[in-house]
Amino acid sequence: MTSFRYMGTKKYLALKVKRSIELASKSGHVADLFSGMGAVAREFSSSRPMYLNDALTFPTICSKAYFLDNSLKIDDQLLKKLYGLFRDHRTELKNVFKRRIQRERNAIEKGINTLAEWMIHAPHVGNSVHYQKMKSAAKKAEGIYHYQLTTLYYSGSYFSTTQAIDLDALRFAIDGVCKLEDNYPLITIWLATASILINSPGHSAQYLKPNSPSSYSKIKNGFSRDVWATFIGLLDDYSPCGNSSWRRKNMVSKNDALLLLEKGLPEEVSIVYADPPYTNDQYSRYYHVFETLLLYNFPDSTGCGRYPEGRFSSPFCLKTKIVNAFEQLFCGVFDHSIPLVLSYPSDGLLSKVGVDVVEFANDMFAKVEVIENQISHSTMGASKGSQKKSAVEYILTCHPA
Ligand SMILES: C[S@@+](CC[C@H](N)C(=O)[O-])C[C@H]1O[C@@H](n2cnc3c(N)ncnc32)[C@H](O)[C@@H]1O
């Protein structure tokens, strides 16, 4: 679907989840409350209307690009306009940051130690009073001077300074050609460009440092990759999912699933699918760069990972809150008098606090059907230990009556 590598994607299980949903409910919208990259919605393409929800902005915008009907016409005329705006802003920013670009080039050419020094000490909003002042000015500015966030926060680390400037220039161009509600495909492809170019060790919680000759050459090569060429390549491959009459019926929202259940689901919804996180790795930490790029909101930034303030913290990733979170999920769906299909691994975080997910569901619902799947799930290198772990992934169908 997209070029995003997403922790916990259910691509491998989506067909089985679809079958369980179809057995439990024949029509109406399927609410995928933890939709991520929408693997299950893709399986229902053009056949059953979907309501996709996630707590993070970045997967939500991707869902809007792929599962809603977007009116934006991507043609040569639009690209010409985009490129003109991109080129003008890039020239302007390259001039503002020319000393920085030169220092970075020198650091790369001199070798591994100077590059490591540069990446640790290069100024950014989290470590430099001067950059904090530039950030405050850019936050307030309108027009071209607003568009410097990537450079001020993530250059010389997650991206080279030139790439960061190009990403800012491209964002300026995208925002200049259409309103946000019309530009989900362009913004999503812009983010996908960042996800391809990002300098990271497999996950994007932190950036890759030049600790060895191989990481040095990986960074050196990666830093020279071109933003516009990557963007155009991805744009060529973009195609929304399903047919337009299906996409017109779909809905997308960004909410904490538990609050959404409390507020009440849209009345079209006839079944809930839940695929909550199953480790203590907060998604908002692993995808913080994409979330900030998308929001373009100039947050305070801390730590060597350059984390934004106020990241969303999911109770499903906290040992102290997970039992309560599952109880709220189960009760919330039960109160709607509709079935719940849940996917969750036997060794998920819930088991680490001594609670068996199948027994828990049986306590809360009138009837629970269980399918066991032998799987090897991805940790993206996020959890301690190996990147692939084998486990049993349950698909539970929970009936309220
Ligand atoms: C296991 S992933 C879902 C993957 C998705 N099924 C797919 O195939 O791409 C869990 C998702 O839940 C989201 N999430 C975590 N806590 C949440 C909450 N309280 N409400 C809504 N979404 C939440 C995360 O942002 C993440 O996208």
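A quick note: this is a predicted structure, and the numbers were derived from the prediction, not measured. (Residues numbered from 1 in each chain as written. Predicted model: local features only at pLDDT ≥ 70, side-chain atom pairs only at ≥ 80, totals over all residues. Heavy atoms only, no water.)

**Student:** Go over the overall build of the protein with me, naming the residues and quoting the values.
**Tutor:** Helix and strand counts for the protein stand at 19 helices and nine strands. What you see for the protein is a C-alpha radius of gyration of 22 Å, in line with the 21 Å of a compact globule of 401 residues. In terms of principal-axis extent, the alpha carbons of the protein reach across some 70 × 45 × 35 Å. Per-residue burial over the protein gives 57% buried out of 401 residues. Long-range contacts, defined here as pairs at least 24 residues apart, represent 75% of the contacts in the protein between residues at least 6 apart. (Helix = DSSP H or I, 4+ residues; strand = E, 2+ residues; numbered from the N terminus. Rg over C-alpha atoms; globule rule 2.2 N^0.38 Å. Buried < 20%, exposed > 50% of the residue type's maximum accessible area, 1.4 Å probe, protein only. Contact = heavy atoms within 4.5 Å.)

**Student:** Summarise the packing of aromatic side chains; cite the residues concerned and give the values.
**Tutor:** According to the stated counting rule, one finds 27 aromatic pairs in the structure shown. Residues phenylalanine 86 and tryptophan 228 carry aromatic rings whose centres are separated by 5.1 Å and whose planes lie at 25° to one another, so their mutual orientation is stacked. One end of the pair, phenylalanine 86, is in helix H4 (residues 76-96); the other, tryptophan 228, is in helix H12 (residues 227-237), and 142 residues separate them in sequence. One exposure class covers both phenylalanine 86 and tryptophan 228, and it is buried. Ring pairing ties together the aromatic residues Phe34, Phe316, Phe326, Phe330, Phe334, Tyr344, Phe360 and Phe365, which thus form one cluster. Over the ring of tyrosine 207 we find lysine 209, and its NZ or CZ is 4.6 Å from the ring centre. If you follow arginine 285 out to its NZ or CZ, it ends over the ring of tyrosine 286, 5.3 Å from the centre. (Phe/Tyr/Trp six-rings, centres within 6.5 Å; stacked < 30°, edge-to-face > 60°. Lys NZ or Arg CZ within 6 Å of the ring centre and 35° of its normal.)

**Student:** Go over the nonpolar core, please, and point to the residues and values.
**Tutor:** Core analysis: the largest hydrophobic core is formed by 97 residues, its most contacted members being Ile21, Phe58, Phe159, Leu186, Trp190, Phe231 and Leu293. Looking at this core, you find at least three residues from each of domain 1 (14-69 + 250-280 + 318-399) and domain 2 (76-237). If we ignore the near neighbours within four places in the chain, the residues touching isoleucine 21 are Val30, Val40, Phe44, Arg48, Ile271, Tyr273 and Val341. In this structure, Leu260, Tyr344, Phe365 and Val368 belong to the second largest nonpolar core, which totals 36 residues. (Core = buried A, V, L, I, M, F, W, Y, C linked by side-chain atoms within 4.5 Å. Domains from an automatic or database assignment.)

**Student:** Which residues make up the site of the ligand, and what values go with them?
**Tutor:** Residues in close proximity to the ligand total 23 residues, the closest being Tyr6, Asp54, Ala257, Asp275 and Ser314. A distance of 2.6 Å separates an oxygen atom of the ligand from a polar side-chain atom of tyrosine 6. Between the ligand and alanine 55, the relevant distance is 3.2 Å, taken from a nitrogen atom to a main-chain nitrogen or oxygen of the residue. In isolation the ligand offers 610 Å² of accessible surface; the protein chains occlude 99% of this area. Its residues assigned to classes, the shell around the ligand shows twelve nonpolar, seven polar and four charged. (Near = heavy atom within 4 Å. Polar contact = N/O pair within 3.5 Å; in protein donor to acceptor, adjacent residues only side chain to side chain. Areas by Shrake-Rupley, 256 points an atom, 1.4 Å probe, with all protein chains shown as cover. Nonpolar A, V, L, I, M, F, W, Y, C, P; charged D, E, K, R; others polar.)

**Student:** Go over the domain arrangement of the protein with me, naming the residues and quoting the values.
**Tutor:** Each assigned domain of the protein is listed with its residue range as follows: domain 1 (14-69 + 250-280 + 318-399) and domain 2 (76-237). A C-alpha centroid distance of 35 Å is found between domain 1 and domain 2. Taken together, both faces of the contact between domain 1 and domain 2 bury some 680 Å²; the carbon and sulfur share is 75%. Linking domain 1 with domain 2 are one residue pair in polar contact (both at pLDDT 80 or more). (Buried area = accessible area lost by both parts, 1.4 Å probe.)

**Student:** How would you sum up unusual backbone geometry? Please name residues and give values.
**Tutor:** Its identity is not glycine, yet serine 46 carries a phi of approximately 65°, on the positive side. Here tyrosine 296, not a glycine, exhibits a phi torsion of approximately 50°, which is positive.

**Student:** Go over the side chain of histidine 29 with me, naming the residues and quoting the values.
**Tutor:** With respect to the helices and strands, histidine 29 occurs in strand S1 (residues 29-32). Note on histidine 29: relative accessible area 8%, which makes it buried. When near neighbours in sequence (up to four residues on either side) are disregarded, histidine 29 contacts Pro49, Met50, Tyr51, Lys249, Met251, Glu268, Val269, Ser270 and Ile271.

**Student:** Describe helix H3 (residues 57-67), listing the residues and the values that go with them.
**Tutor:** With eleven of eleven residues buried, H3 lies mostly within the body of the structure. Along H3, the residues that are buried comprise Thr57, Phe58, Pro59, Thr60, Ile61, Cys62, Ser63, Lys64, Ala65, Tyr66 and Phe67. Elements that come into contact with the buried residues of H3 comprise helix H2 (39-43), strand S2 (50-54), helix H10 (184-197), helix H13 (244-249), strand S3 (251-254) and helix H16 (288-295).

**Student:** Account for the pairing of S1, with residues named and values stated.
**Tutor:** Residues His29 and Ala31 line one face of S1 and the alternating positions Val30 and Asp32 line the opposite face, and both faces are buried. Note: S1 against S2, three bridges, orientation parallel. The residue of S2 that forms the bridge with valine 30 is methionine 50. (Pairing = 2+ DSSP bridges.)

**Student:** Please give an account of the side chain of asparagine 250 that cites residues and values.
**Tutor:** Note that asparagine 250 resides in the loop between H13 and S3. For asparagine 250, a relative accessible area of 6% translates into the label buried. Once you skip the residues sitting within four places of it in the chain, asparagine 250 turns out to touch Pro49, Met50, Phe67 and Leu68.

**Student:** I'd like a description of the packing of helix H5 (residues 98-110) against helix H9 (residues 161-177), backed by residues and values.
**Tutor:** Packing of H5 against H9 brings their axes to within 9 Å, and their N-to-C directions diverge by 140°. The orientation of H5 with respect to H9, classified from their angle, is oblique. Of the residues in H9, those in contact with Arg100, Ile101, Glu104 and Arg105 of H5 are Thr161, Thr162 and Ile165. Considering only residue class, the contact of H5 with H9 consists of two nonpolar, two polar and three charged. (Axes fitted to C-alpha atoms, helices over the stretch in contact; angles between N-to-C directions. Parallel < 35°, antiparallel > 145°, perpendicular 65-115°, else oblique.)

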